[in-house]
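Tertiary structure, described
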There are 2 protein chains.
Amino acid sequence: QDNAVPKQASGCVSCHSADGNPLVEGVPILSGQRSDYLEAALKAYREGRRTGGPADVMRFYTKELSDEDIKEISEWFAQN
Amino acid sequence: QDNAVPKQASGCVSCHSADGNPLVEGVPILSGQRSDYLEAALKAYREGRRTGGPADVMRFYTKELSDEDIKEISEWFAQN
């Protein structure tokens, strides 16, 4: 599907892109990843359970996200 | 390629499997992921920079791995 990027995920695509080709080195491919894992990872970043280097960048991007936002972002990347 | 699982990765496949279908819920797909990201993630687990839930399991699996092991595991999953 090329359904539109949900607004909560607009920040993600600048590094991860909306397909299997991240734009930044060392950044993981999210497209097609399992949504339950993505939810767990986003929550880990939000709760500060992932630290150091890019993890601190992710903490910045996730700290305002609600559980609902996280669910929607995770499901979108898993299907995209 | 279906090149054989490197011995350092034998522990990984029991949950992640050797293809795109992890055997355990909430566990990420590793096959086809970017090797530089996998290296960074494995080191984060090894150094205790990822904590809580499955991250603690990963810490157990990674604490004895050398940088060379980590590189080989990451490259193998990226290509497999």
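Look up a bit, the structure's there.
A brief look at the structure comes next. Please read these numbers as outputs of a predicted model, since none were measured by experiment. The written sequence of each chain sets the order in which its residues are numbered from 1. Chains carry letters and ligands carry numbers; both start at the beginning, A for chains and 1 for ligands, and go up in the order they are written. The predicted origin of the model limits local features to residues at a pLDDT of at least 70 and limits the giving and counting of side-chain atom pairs to 80 or more, whereas totals for whole chains, interfaces and linings rest on all residues. Note: side-chain values were computed over all heavy atoms of the structure, leaving out hydrogens and water.

What about the overall build of chain A?
- Put simply, DSSP H or I for four residues or longer makes a helix, DSSP E for two residues or longer makes a strand, and each gets a number counted from the N terminus. On a plain count of helices and strands, chain A comes out with 4 helices and 0 strands.
- Order of helices (α) and strands (β) in chain A, N terminus to C terminus: α-α-α-α.
- Just to be clear, the radius of gyration here is over C-alpha atoms, and the globule rule we use is 2.2 Å times residues to the power 0.38. Taken against the 2.2 N^0.38 rule, which gives 12 Å for 80 residues, the C-alpha radius of gyration of chain A at 12 Å falls within 12% of a compact globule.
- Considering only C-alpha atoms, chain A reaches an extent of 35 × 30 × 20 Å along its principal axes.
- Burial classification: accessible surface area is computed with a 1.4 Å probe over protein chains only, and a residue below 20% of its type maximum counts as buried, one above 50% as exposed, and the rest as partly exposed. Counting all 80 residues of chain A, 41% fall into the buried class.
- Contacts were defined at the residue level, with two residues in contact if any of their heavy atoms lie within 4.5 Å. The contacts in chain A between residues at least 6 apart in sequence include a share of 54% that link residues at least 24 apart.
- Across chain A, the mean location of the 9 positive side-chain charges is 6 Å away from that of the 13 negative side-chain charges. When charges are tallied, Lys and Arg are placed among the positive residues and Asp and Glu among the negative ones, while His and the ends of the chain are skipped. In this description, the location of a charge corresponds to atom NZ of lysine, CZ of arginine, CG of aspartate or CD of glutamate.

Brief notes about the nonpolar core
- Take the buried Ala, Val, Leu, Ile, Met, Phe, Trp, Tyr and Cys residues and link them wherever side-chain atoms come within 4.5 Å; each set so joined is a nonpolar core. Formed by 31 residues in total, the largest nonpolar core has its most connected members in A:Tyr37, A:Ile73, A:Phe77, B:Tyr37, B:Ile73 and B:Phe77.
- Mapped onto this core, the elements with two or more residues apiece are helix H1 (10–16), helix H2 (35–46) and helix H4 (67–79) of chain A together with helix H1 (10–16), helix H2 (35–46), helix H3 (54–62) and helix H4 (67–79) of chain B.
- When neighbours within four sequence positions are excluded, B:Tyr37 is seen to be in contact with A:Gly26, A:Val27, A:Pro28, A:Tyr37, A:Tyr45, A:Arg50 and B:Arg50.

A closer look at the environment of A:Phe77
Residues and elements named next belong to chain A.
- Inspection of the secondary structure puts Phe-77 in helix H4.
- Separated by 46 residues in the primary sequence, Phe-77 and Ser-31 have C-alpha atoms spaced 4.8 Å apart.
- Each residue touching Phe-77, except ones within four places of it in the same chain, is listed here: Ala-9, Cys-12, Val-13, Ser-17, Leu-30, Ser-31, Gly-32 and Leu-38.

Brief notes about the packing of H2(B) against H3(B)
Residue and element names in this part refer to chain B.
- Packing of H2 against H3 brings their axes to within 8 Å, and their N-to-C directions diverge by 95 degrees. Between H2 and H3, the angle falls in the class roughly perpendicular. Here Leu-42, Tyr-45 and Arg-46 of H2 lie close against H3, whose contacting residues are Ala-55, Met-58, Arg-59 and Thr-62. All axes are obtained by fitting lines to C-alpha atoms, using only the stretch in contact for helices, and the reported angles, taken between N-to-C directions, cover 0 to 180 degrees. Between 65 and 115 degrees an angle is taken as roughly perpendicular, under 35 as roughly parallel, over 145 as roughly antiparallel, and anywhere else as oblique.

Some remarks on the relation of the copies chain A and chain B
- Placing chain A over chain B gives an RMSD of 0.0 Å and needs a rotation angle of 180 degrees, together with 0.0 Å of translation along the axis. The operation mapping one copy onto its partner corresponds to a two-fold rotation axis. When C-alpha distances to the rotation axis are compared across chain A, the minimum falls at A:Arg50, with a value of 2.2 Å. When the copies are superposed, the least-squares fit draws on C-alpha atoms of residues that have pLDDT of at least 70 in both.

Regarding the interface of chain A and chain B
- Taken together, the contact pairs 17 residues of chain A with 17 residues of chain B.
- Buried area: the sum, over both parts, of the accessible surface (1.4 Å probe) that disappears when the two are put together. Summed over both partners, the interface of chain A with chain B comes to about 1,500 Å²; 43% of that surface belongs to carbon and sulfur atoms.
- Polar contacts, as counted here, are pairs of nitrogen or oxygen atoms within 3.5 Å of one another; within protein the pair requires one atom able to donate a hydrogen and one able to accept it, and residues that are adjacent in sequence qualify only if both atoms are side-chain atoms. Here chain A and chain B share 10 residue pairs in polar contact (both at pLDDT 80 or more) between them.
- The residue classification treats Ala, Val, Leu, Ile, Met, Phe, Trp, Tyr, Cys and Pro as nonpolar and Asp, Glu, Lys and Arg as charged. All others, Gly included, are polar. Each residue belonging to the side of chain A that touches chain B can be placed in one class, and the counts come to 7 nonpolar, 5 polar and 5 charged.

Considerations on the pattern of salt bridges
Residue and element names in this part refer to chain A.
- Note on definitions: salt bridges are taken to be side-chain nitrogens of Lys or Arg within 4 Å of carboxyl oxygens of Asp or Glu. A complete count under the given rule lists 10 salt bridges over all chains for this structure.
- Lys-43 serves as the salt-bridge partner of Glu-39, at 3.9 Å between the closest nitrogen and oxygen. Of this pair, Glu-39 and Lys-43 both sit in helix H2, 4 residues apart, which is roughly one turn of that helix.
- Residue classification places Glu-39 among the buried residues on the basis of a relative accessible area of 18%.

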